[in-house]
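The primary structure of each chain is shown beneath.
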Amino acid sequence: MEITIDLESPEPLYAQLISEMKSVIQRGLKKPGDPLPSIRQLANDLDLNSKTVAKAYRLLERDQLIQARGVRGTYVHPEASVDNSLDISGLVTEELSQAVRRLKASGATESEIRIGFSQVMKQTS
Amino acid sequence: MHNQLLFCLVFLCQILLISGWMARKSVMNMRSLHLSFPPTEYPRMYPFPPAHYERVQRRFMVASAMAGVVGIVILVYLLNTPRDGSWDHAIATGYGLLQYLPLVLWEFSRRAELQMMRDTATTRRAQLVPRRMLDVLPRKLLGLALLVYLSLFPFVVYVNQFDYPWFGGYLNLVIISGMNVGFFVMLFLQVHGKKLDPYQDGQDRQRHLQELARLLLLVSIAATLFAMLTVSLRVFDLTHLKGVSHSLYFQLLALLAFPTYHQRNLDYDVYKDGSQAASA
């Protein structure tokens, strides 16, 4: 079974990768315990940065869809449930909330945080 | 005199096989491929304009024809010049390398096409199956190649009892070992490296890797046997056959490699509907 990534899609590449892999698992094309390609192999085949693939793998692992077994490789999680879905917006909210809480605790005001956030978004976009 | 005539005959075969028959067959295969899978229906297959492919074909034919002419000139020189045959092996080897030059240039051109394909492709495909070296290596052939390679060690030790120059045959051992390491690295990079054709079907890629592994193993076996033969010719004072053996070796390599370059049973449908790739 193959997965396809569209470079012109507005959806981030790692998110496409996650939804493609999730679709393969949900359709039963990959069963729990089946081996998956390494990060490097997938990055080379898709001509993507290995950090992009690593991020997708990390999030899939967090959602217990895949399981990294050290040098033996990566496998479909033995308890990968078919209705498991990754909540990207929830993840963003959670990560940002933590960062805002930390900044407030260190004495930053709301306007300073907003200005800082806006600058970071400009730099990274 | 007979030895020199024999070398000239084998050398003529080398010219006709590599610069004649194989070059012509390669161009015919390329043309037939273009006719069977035209750019209008399979635009993703042709990232460059049609003129580029015609130029590549023309350059290949001209380069092969020039190599053929050089071969004929050498042959005429060999037939009309009194000689002792001590340089025959160098002539066969040097000319063999010259004959492969058009193929190397063609391969460079193919690399440029694949790079262009990658640059213009808007989609990427990958198989969700881990690839391992042992999956593409044919076990029996691998066993045979290992057996032949390992037999080179006792052979060199045996040869060492004779007065053999060049470190008593150990140099051959070093060269063959280096070549095998090089082949391993080459295959490793192909198996674990970047996918060159972004549209290639996963099964086609697997088949291509298996073909490459088979070819490298066959070349490894042929090179090891050739090294043993070269040493034997020297030890048993049959150096007058060295030129013939070198020429036959190059012809054998060409025959082994030829089928790998002309796989036709591939999935060409992946190159359809690529209007974006063609117009880029």
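As shown above, the structure is provided for reference.
First, a word on scope: everything that follows refers to the structure included in this document. Since this is a predicted model, take the numbers as computed values, not measurements. (Residues numbered from 1 in each chain as written. Chains lettered and ligands numbered in written order. Predicted model: local features only at pLDDT ≥ 70, side-chain atom pairs only at ≥ 80, totals over all residues.)

### Some points on the interface of chain A and chain B
Each side of the interface is counted separately: chain A has 22 residues, and chain B has 17 residues. Grouping the amino acids of the side of chain A that touches chain B by side-chain chemistry returns ten nonpolar, five polar and seven charged. As paired elements, strand E1 (residues 2–6) of chain A and strand E1 (residues 123–127) of chain B share five bridges and run antiparallel to each other. Looking at E1 of chain B, one finds that isoleucine 5 of chain A is bridged to arginine 124 of chain B. (Contact = placed C-beta atoms within 7 Å. Nonpolar A, V, L, I, M, F, W, Y, C, P; charged D, E, K, R; others polar. Pairing = 2+ DSSP bridges. Helix = DSSP H or I, 4+ residues; strand = E, 2+ residues; numbered from the N terminus.)

### Side note on the sheet that holds strand E4 (residues 74–76) of chain A
Residues and elements named next belong to chain A. Taken in spatial order, the three strands of this open sheet run E2-E4-E3, and their pairing is antiparallel. Either end of the sheet is taken by a strand with one partner, and the two such strands are strand E2 (35–36) and strand E3 (66–68). Across two bridges, E2 lies against E4 in antiparallel orientation. When the sheet's bridge partners are listed, proline 35 is paired in E4 with tyrosine 75. Against the sheet, helix H3 (residues 50–62) makes contact with E3 and E4, and its axis sits at roughly 110° relative to E3, the strand it touches most. (Axes fitted to C-alpha atoms, helices over the stretch in contact; angles between N-to-C directions.)

### Thoughts on the packing of helix H2 (residues 39–46) of chain A against H3 of chain A
The axes of two packed helices give the description: the angle between them and the distance between them. All names here are of chain A. In contact at an axis separation of 8 Å, H2 and H3 are set at 125° when each is read in the N-to-C sense. The angle between H2 and H3 places the two elements in the oblique class. The chirality of how H2 crosses H3 is right-handed. Residues Ile39, Arg40, Leu42 and Ala43 of H2 lie in contact with H3, whose contacting residues are Ser50, Val53, Ala54 and Tyr57. For the contact of H2 with H3, the per-class residue count stands at six nonpolar, one polar and one charged. (Parallel < 35°, antiparallel > 145°, perpendicular 65-115°, else oblique. Left-handed = near helix turned anticlockwise from the far one by under 90°.)

### Considering the environment of aspartate 34 of chain A
All names here are of chain A. With respect to the helices, strands and loops of the structure, aspartate 34 is situated in the loop between helix H1 (13–26) and E2. Taking the C-alpha atoms as reference points, aspartate 34 and histidine 77, separated by 43 residues in sequence, lie 8.3 Å from one another. Leave out the neighbours within four places in its chain, and aspartate 34 touches Tyr75 and Val76.

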